[in-house]
Amino acid sequence: MKLRRTLVGLLAAVAALGAVPTAAVADTPYKSEYRMSLVLGTAFPWGKGGEIWANLVKERTKGRINIKLYPGVSLIQGDQTREFSALRQGVIDMAVGSTINWSPQVRQLNLFSLPFLMPDYAAMDALTQGDVGRQLFATLDKAGVVPLAWGENGYRELSNSKRAVRTPTDLKGMKIRVVGSPLFLDTFTALGANPTQMSWADAQPAFASGAVDGQENPLSIFTAAKLHNVAQKNITLWGYVADPLIFVVNKEIWASWTPADQAIVRQAAMDAGKQEIAIARKGLVEPGQPLLKEIAALGVTVTQLTPAEREAFVKATRPVYEKWKKAIGVDLVTTAEQAIAARKQ
Ligand code: X2X
């Protein structure tokens, strides 16, 4: 009798710790705090998006779901290309992540990094808000996370410490920091540059010391990270690639929430994603693109390419596009090309 009571007590204690296998998942207690991974903090549109999501969830669940932000991908020691694996394994509970950083694990996400696939924001929206977006969410679901909403890092413009870049020849031999997928190594090699892969955390000291000449990132990152102070004095607006952000939750965490709370977290992600995209485009979609003037005022030379100049970059990277179209999946890329051709401007 005594033994039986002890056993029952023990089982209850184990259940309370959340150590019961999947059959009892719905009974898994909520954690007092959930860990949200982000590469960039709240000084950037990316981190703001995470903060908006966390705040909406807290407010709408009346504090049942509390989220703490971990910018700088600090849960994985700054190694941003490990974020997706860590999410799947439960080291990270939820994240707002870039398609670039998850591309090593989910090859289809390389789609957005195909050079010169998306000519404008309407093209990007046609992908994320349409069939391609749905297909990619199904892929992510199969890969082991729960995708909820799209956000945006932005168009990745080229900066460097050496000279104004107008032609691929201007890039020749320049050491350019890239991130994530080998697709970026191929693109910059095709342009005659000397690409080197490193995390965002390692990149900034490398610009400051001159170990690296240039990089590519959205202008919102350029200004918030003050890259003009680490010798990045030239920017070329070439709009070659843009990375969306994706709001996701780990599968076991998701399953531990009630359907009502799941609906709240999903809606909050969609609301936050929408707001974050507007923040990411600020200064670039208004007449006169005020952000460009702000950057020029920092003493940075901002180079706008003529259509013919841009075409030279498109041409030089075309073999990379063709090679990676196969690696990503010809059907998916073709669907994307068609969606872009049919987009509303
Ligand atoms: O590392 C980068 O360049 C950044 C911050 O844009 C990403 O995480 C993709």
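Identification of the protein as TRAP dicarboxylate receptor, DctP subunit from Rhodoferax antarcticus ANT.BR is taken from an unreviewed UniProt entry.

(A) Representation of the overall build of the protein within the structure. Per the secondary structure count, the protein includes 14 helices and eleven strands. On C-alpha atoms alone, the protein measures out to a radius of gyration of 22 Å, which is about the 20 Å that the 2.2 N^0.38 rule sets for 345 residues. Across its three principal directions, the C-alpha atoms of the protein cover 85 × 40 × 35 Å. Here the protein holds 345 residues, and 54% of them are scored as buried. Contacts spanning at least 24 positions in sequence make up 73% of the contacts within the protein whose residues lie at least 6 apart. Computed over 39 positive and 30 negative side-chain charges, the inter-centroid distance for the protein is 4 Å.

(B) Layout of helix α11 (residues 259–280). Between the first and last C-alpha of α11 there are 31 Å, a value that for 22 residues agrees with the 32 Å anticipated at 1.5 Å per step. If you check which residues of α11 are buried, you get Asp-261, Gln-262, Ile-264, Val-265, Ala-268, Ala-269, Ala-272, Gly-273, Glu-276, Ile-277 and Ala-280. Buried-residue contacts for α11 involve α2 (45–60), β4 (145–155), β10 (242–250) and α10 (251–256).

(C) Main features of the packing of aromatic side chains. Inspection of every chain in the model, using the stated rule, returns 13 aromatic pairs. With a centroid separation of 6.3 Å and 65° between ring planes, the pair formed by Phe-116 and Tyr-240 is classed as edge-to-face. Here the residue Phe-116 occupies a position in the loop between α4 (99–102) and α5 (121–128), and Tyr-240 occupies one in the loop between β9 (234–237) and β10, the gap between them amounting to 124 residues. Here Phe-116 falls in the buried class, since its relative accessible area comes to 12%. Pairing Phe-137 with Trp-150 gives two aromatic rings, centres 4.9 Å apart and planes at 15°, and the pair type is stacked. Of this pair, Phe-137 sits in helix α6 (residues 131–143) while Trp-150 sits in strand β4; the two residues are 13 residues apart in sequence, bridging distant segments of the chain.

(D) Region of the structure containing the layout of surface pockets. Estimates place the volume of the largest pocket at around 400 Å³. Along the walls of the largest pocket sit 19 residues, with Tyr-155, Glu-157, Leu-237, Gly-239 and Gln-289 positioned nearest its centre. The element that contributes the greatest number of residues to the lining of the largest pocket is β4, accounting for three residues. Looking at the lining of the largest pocket residue by residue, the classes come out as eleven nonpolar, five polar and three charged.

(E) Just the side chain of Glu-152, in detail. Along the chain, Glu-152 turns up in strand β4. Looking at Glu-152, its side chain comes within polar contact range of the side chain of Arg-281, at 2.7 Å. Here Glu-152 is in contact with Tyr-121, Met-124, Asp-243, Pro-244, Leu-245, Glu-276, Ile-277, Ala-280 and Arg-281, once residues within four sequence places are set aside.

(F) Just empty space enclosed by the protein, in detail. Considering all chains together, one arrives at one cavity of 30 Å³ or more under this definition. Considered as a void within the structure, the largest cavity measures approximately 100 Å³ in volume. In this structure, the largest cavity is lined by 15 residues; those nearest its centre are Trp-46, Gln-80, Asn-153, Arg-156 and Asn-217. Each residue belonging to the lining of the largest cavity can be placed in one class, and the counts come to seven nonpolar, five polar and three charged.

(G) Spatial organisation of the pairing of β4. Here β4 lies mainly inside the structure; eleven of its eleven residues are buried. Sheet topology places β4 next to β10; nine bridges connect them, and they run antiparallel. When the bridges of β10 are listed, Tyr-155 appears paired with Ala-242.

(H) Fine view of the sheet that holds strand β2 (residues 67–70). Strand order in the open sheet made by the five strands is β2-β1-β3-β10-β4, with mixed pairing throughout. Unpaired on one side and paired on the other, β2 and β4 mark the two borders of the sheet. Recorded for the sheet is a direction-independent mean angle of 20° between the axes of neighbouring strands. Summarising the sheet, strand β1 (residues 34–37) and strand β3 (residues 94–98) pair through two bridges and their orientation is parallel. Bridge assignment links Met-36 to a residue of β3, and that residue is Met-94. Here α2 sits on the sheet and contacts β1, β2, β3, β4 and β10; the angle it forms with β3, its principal contact strand, is near 155°.

(I) Main features of the environment of Glu-309. Positionally, Glu-309 belongs in helix α13 (residues 307–328). Residues Glu-309 and Gly-151, spaced 158 residues apart in sequence, show a C-alpha to C-alpha distance of 30 Å. If sequence neighbours within four positions are ignored, Glu-309 has contacts with Arg-166 and Gln-304.

(J) Geometry of the pairing of β3. With five of its five residues buried, β3 lies for the most part within the structure. Burial along β3 is two-sided: Met-94, Val-96 and Ser-98 facing one way and Ala-95 and Gly-97 facing the other are all buried.

The rules behind each value
Residues numbered from 1 in each chain as written. Predicted model: local features only at pLDDT ≥ 70, side-chain atom pairs only at ≥ 80, totals over all residues. Heavy atoms only, no water. Helix = DSSP H or I, 4+ residues; strand = E, 2+ residues; numbered from the N terminus. Rg over C-alpha atoms; globule rule 2.2 N^0.38 Å. Buried < 20%, exposed > 50% of the residue type's maximum accessible area, 1.4 Å probe, protein only. Contact = heavy atoms within 4.5 Å. Lys, Arg positive; Asp, Glu negative; His and termini not counted. Charge placed at Lys NZ, Arg CZ, Asp CG, Glu CD. Expected span 1.5 Å × (residues − 1). Phe/Tyr/Trp six-rings, centres within 6.5 Å; stacked < 30°, edge-to-face > 60°. 1 Å grid on protein atoms, 1.4 Å probe; cavity = no way out; pocket = protein on both sides within 12 Å on 5 of 7 lines; lining within 4 Å. Points joined across faces, edges and corners; volume = space filled by probe spheres on them. Nonpolar A, V, L, I, M, F, W, Y, C, P; charged D, E, K, R; others polar. Polar contact = N/O pair within 3.5 Å; in protein donor to acceptor, adjacent residues only side chain to side chain. Pairing = 2+ DSSP bridges. Axes fitted to C-alpha atoms, helices over the stretch in contact; angles between N-to-C directions.

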